[in-house]
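Tertiary structure, described
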Amino acid sequence: MISLVVTTPDGRRQHLQLTDASLHIGRSGRNDLVIDDPTVSRVHAEILRGPGGHCLVDLGARCGTLLNGVSVAGSVHLHPGDRIRLGRTTIVFGGDTNTPVDITPTPMPTGPGTTMLGPDQIRLPALTTPFPAVTPSPLTTSGTPATLAGPAPAALRRRPSQDAAATIMELVLEADRQMLFHRPIEQILEAILDLAGRTIGYERAALMLVEKGRLEPKVVRTPPAERGVAITISSAIVERVLHRRESILTSDALRDTRFNGHPSLVGDHIRSVMCVPLRDDDKVLGLLYVDSRESAGLFTGQDLRILAHLASVAAVKIENARLFDAAVRTRALESEMLQAAAIVDHLLPADAPAIPGYEVFGHSVPCRHVGGDSYDYIALPGGRHILTLGDVAGKGLPAALLMCCFHSAMRALAASGLSEQETMSRLNRLLHARFPPNRFTTCFFAVLDPERHHLTYVNAGQETPFILRRAADPLPLPPAGMPLGLFDESEYAVGRVTMDPGDVLLCYSDGVTEGLSPAEEMFGQERLLSAAAGAAGGPAATIAAAVTAALERHHAGRPHEDDITMLVLRRSE
Amino acid sequence: MKIDIRIDRSVRILDLHGRLVLGPPVELLADTVQRLLADAHIHIMLNLRGVPYIDSAGIGELAACKKRAIERQGEIKIHWQRGRYHLAIETVIHLMFPDALFEDEKLALSSFAPPGGPAARTTGTI
């Protein structure tokens, strides 16, 4: 059963099997194969199965139908690997048939039969200079179906009577038209070989791009009978094209005894070869290779200049398409990051709990889309509340992923009625089992009993929180236990303070105290305490706002380099 | 971040220069220590006196170095200057290396298990 691979202008690929004797193709819903491409006619073409195999018939499409880059007039036979172009849609008949390209270690053919043009020597012929021209018109010869299906022999497309200037203009205009609009890079590569085939004519062609330091064949065109038979290119030619950025032409190699040592030319009975770099400024993206075995189809110096020019235009378009694709991928990534940010933001509590005699305020600002800082409030039986502030090591998405793990584990354990010490020990073991070896989270974990005004806490490596008091120095609650997730067995000391009227618990992540000024001076605890003390008589949100304002003044426009998180608990007067 | 390596009998002394922070500095430390452990150099001293700042990723990597050394029956000792980093970082370092923090290099070197190889001093740079 014959398969078809349909590639639409948006790059989507569809694989289907030819089962019926006839397949109508077009934009209209009445077709067997409906193609959503405005450049395809409503009723465009038909593939027919007959006694001699499959044929392609153009049904009078406005934009015409191309087979292997050649316009289809009437009916032509199809062969596996043939490429059908309907507008900007490509259909590969019989699926992709890969033809390899071998780079053989043979020396560079040199002599009168060889032309090499340096990167600065590529000039299109003057528009007023006549030269043997070619035409992009469809084949009109009465060749066999096999000939019609493959790239036409170069000789058939040469029209010495045509004006060179018109050909060049046609090439430039066609290149502009083909390269003007964005399309998937695979289609650009196909269009380049189509254009080269219609302008210069070749028997075989290969477009290869440098990827990860290797030259990879992207589009290979051969006559139908040679599908799958490797094209062999001299490594010396490849080296000169890629590294010296030269455009190379060998003409009538078979008659030149100097080429007897070149199996890649003699063995394949090749008379003429052109190989040009795909060059965008000083960057060589790959090469374009064409050859011919037709004695009447020998390439000329003018052909070389035209091919080199086409390759230059194509290289710019390929580079632009790559940049465009990269921009699209970046946009998609940014969109995903925004969604991730919304999810992470949703994990943080939207509202502070109503705790009689207390008010709580928390906020977190990641320095990137998402971050590893978090805070949480968890209600316990008897009116008690857990308050936590965590800071996962690292930044961005990796830290945010681990923060989600920490957040979920904390919620699950907090509801299990364990002591503060046991909660942290189990949380540590759980995170140690799941975090990578160099990852951890610091955590300040506190349970507020609003009836007794007791704040019982564990500080697992978190930046020292403070209790701000009206008539006393700030009381530090320094770390007394390892950050969570670092080592399997860690011990956690439990502390307890009594919250007096007006007392403020100020927790923060290191993004606050380590915030840098333009002179790279850290914000530090002194500025933090000074800003908080100035607002300590006000609501919790005002205290946090005062610290944030002081920090912003300290930053003086310098971007934040770390997530900034604060949790403020204040006992009413 | 630059790391100079000195050798004192069985001990590889890593002199760290620069901020030990997320990214290439942490990766360099990880690679260097892993390479030494893979070559069976299991006695490693990290000299942090040239490190003005350590962030949480740096702390994480110090912990990872210790874990990797323990897995190979090795030891990591820290030669540092107390009071250089802020409280939370120093507290965590204390907790991670309770018996392996030294302000004197000779004391740090003598705290390793007795050397098996001949005395030698050479230098190199990464």
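Residues numbered from 1 in each chain as written. Chains lettered and ligands numbered in written order. Predicted model: local features only at pLDDT ≥ 70, side-chain atom pairs only at ≥ 80, totals over all residues.

The subject of this paragraph is the overall build of chain B. Regarding its fold elements, chain B presents four helices and six strands. Secondary structure elements of chain B, listed N to C terminal, follow the sequence β-β-α-β-α-β-α-β-α-β. Considering chain B as a whole, with its 126 residues, one finds that 40% of them fall into the buried category. Sequence-distant contacts, at least 24 apart, represent 75% of the contacts inside chain B between residues at least 6 apart. (Helix = DSSP H or I, 4+ residues; strand = E, 2+ residues; numbered from the N terminus. Buried ≥ 20, exposed ≤ 12 C-beta atoms within 10 Å, placed from the backbone. Contact = placed C-beta atoms within 7 Å.)

Moving on: the overall build of chain A. Helix and strand counts for chain A stand at 12 helices and 31 strands. For chain A, the residues scored as buried account for 44% of the 573 residues in total. Put simply, of all contacts in chain A between residues at least 6 apart along the chain, 66% involve residues at least 24 apart.

Now for the confidence of the model for chain B. In this model, chain B carries an average pLDDT of 89, and 90% of its residues clear a pLDDT of 70 or more. Considering only residues more than four positions removed or in separate chains, one finds that residues 117–122 of chain B, a stretch of pLDDT under 50, has eight contacts. (pLDDT = per-residue confidence, 0-100.)

Turning to the confidence of the model for chain A, a few remarks are in order. Residue and element names in this part refer to chain A. Mean pLDDT for chain A: 83, with 85% of residues reaching 70 or above. Confidence, read as mean pLDDT per element, is least for helix H1 (residues 145–149) in chain A (26) and greatest for strand S30 (residues 504–508) (98). Low confidence marks residues 127–161, where pLDDT is under 50. Its contacts with residues over four positions away, or in another chain, come to 84 contacts.

Residue and element names in this part refer to chain B. In contact at an axis separation of 10 Å, helix H1 (residues 24–38) and helix H2 (residues 56–71) are set at 5° when each is read in the N-to-C sense. Looking at the two axes, H1 sits roughly parallel to H2. Facing Val-26, Leu-29, Ala-30, Val-33, Gln-34 and Leu-37 of H1, the residues of H2 in contact are Ala-57, Gly-58, Glu-61, Ala-64, Cys-65, Arg-68 and Ala-69. Looking at the contact of H1 with H2, its residues break down into nine nonpolar, two polar and two charged. (Axes fitted to C-alpha atoms, helices over the stretch in contact; angles between N-to-C directions. Parallel < 35°, antiparallel > 145°, perpendicular 65-115°, else oblique. Nonpolar A, V, L, I, M, F, W, Y, C, P; charged D, E, K, R; others polar.)

A common way to report how large an interface is uses the accessible area buried once the components associate. Counting residues at the interface gives 15 residues for chain B and 17 residues for chain A. Mapped by element, the contributors of at least two residues to the side of chain B that touches chain A are H2 and helix H3 (87–96) of chain B. Its residues placed into classes, the side of chain B that touches chain A shows 10 nonpolar, three polar and two charged.

Another point: the sheet that holds strand S9 (residues 75–77) of chain A. Residues and elements named next belong to chain A. One open sheet accounts for five strands, arranged S4-S3-S5-S6-S9; its pairing is mixed. The open sheet has two edge strands, strand S4 (33–34) and S9, and neither has a second partner. Two strands pair when backbone bridges link them, and strand S6 (residues 53–58) and S9 are joined in this way by three bridges, in the antiparallel orientation. Across the sheet, residue Cys-55 finds its bridge partner in S9, namely His-77. (Pairing = 2+ DSSP bridges.)

Let us look at the packing of helix H7 (residues 301–347) of chain A against helix H8 (residues 396–414) of chain A. Packed helix pairs are characterised by how far apart their axes lie and by the angle those axes make with each other. All names here are of chain A. Put simply, H7 and H8 touch, their axes get as near as 11 Å, and they point 30° apart. Comparing their axes, H8 and H7 come out roughly parallel. Note on packing geometry: the crossing formed by H7 with H8 is left-handed. Between H7 and H8, the residues in contact are Ala-340, Val-344 and Leu-347 and Leu-397, Ala-400, Cys-404 and His-407, respectively. (Left-handed = near helix turned anticlockwise from the far one by under 90°.)

Moving on to the environment of Ile192(A). All names here are of chain A. Within the secondary structure layout, Ile-192 lies in helix H4 (residues 185–199). Residues Ile-192 and Leu-207, 15 residues apart in the sequence, show an inter-C-alpha distance of 8.6 Å. Apart from the residues lying within four places of it in its own chain, the contact partners of Ile-192 are Leu-207, Leu-310 and Ala-314.

As a further point, take unusual backbone geometry. Residue and element names in this part refer to chain A. Even without being glycine, Glu-520 reaches a positive phi, approximately 65°. Note on placement: Glu-520 falls in the loop between helix H10 (510–513) and helix H11 (524–535). For Ala-556, which is not glycine, the phi dihedral falls at a positive 50°. Mapped onto the fold, Ala-556 is located in the loop between helix H12 (540–555) and strand S31 (564–571). Among the residues examined, Ala-556 registers 10 C-beta atoms within 10 Å and is labelled exposed.

All names here are of chain A. As defined by bridge partners, strand S27 (residues 466–469) adjoins strand S28 (residues 472–476) across three bridges and the pair is classed as antiparallel. Each residue of the ladder has a partner; that of Arg-469, found in S28, is Ala-472. As consecutive antiparallel partners, S27 and S28 are separated by two residues.

Attention now goes to H11(A). Residues and elements named next belong to chain A. Compared with the 16 Å implied by 1.5 Å per residue over 12 residues, the 18 Å span of H11 between its first and last C-alpha is a close match. Buried residues of H11: Leu-528, Ala-531, Ala-532 and Ala-535, and no others. Angularly, the buried residues of H11 cover 95° about the axis, an arc narrow enough to put them on a single face. Tucked inside the fold, the buried residues of H11 contact S27, S30, H10 and H12. (Expected span 1.5 Å × (residues − 1). Arc of directions from axis to C-beta.)

Residue and element names in this part refer to chain A. A rise of 1.5 Å per residue sets the reference length of H8, with its 19 residues, at 27 Å; its end C-alpha atoms lie 26 Å apart and thus fit the reference within 8%. Those residues of H8 not exposed but buried are Ala-399, Ala-400, Leu-402, Met-403, Phe-406, His-407, Met-410 and Ala-414. Taken down its axis, H8 places every buried residue within 165° of arc, on the same side. Exposed and oriented more than 90 degrees from the buried face of H8 are Ser-408 and Ala-412. On the buried face of H8, the contacting elements are H7, strand S23 (373–379), strand S24 (385–392), helix H9 (420–434) and strand S25 (441–449).

Turning our eyes to something else, we now look at the sheet that holds strand S26 (residues 454–460) of chain A. Residue and element names in this part refer to chain A. Here we have five strands laid out as an open sheet, ordered S23-S24-S25-S26-S29, and antiparallel in their pairing. At either end of the open sheet lies a strand with only one pairing partner, and these are S23 and strand S29 (495–498). Here the strands of the sheet are splayed against their neighbours by 20° on average, with no regard to which way each runs. Pairing of S24 with S25 involves eight bridges; the strand directions are antiparallel. Across the sheet, Leu-387 pairs through a bridge with Ala-446, a residue of S25.

Residues and elements named next belong to chain A. Core analysis: the largest hydrophobic core is formed by 99 residues, its most contacted members being Leu-506, Ala-532, Ile-543, Val-547 and Val-568. If you tally residues by element for this core, the top one is H8, at seven residues. Not counting residues up to four positions away in its chain, the partners in contact with Ile-543 are Val-504, Ala-532, Ala-535, Ala-536, Gly-538, Val-568 and Arg-570. Core analysis: the next-biggest nonpolar cluster, separate from the first, contains 48 residues, Ala-191, Ile-192, Ala-205 and Ile-248 among them. (Core = buried A, V, L, I, M, F, W, Y, C linked by C-beta atoms within 7 Å.)

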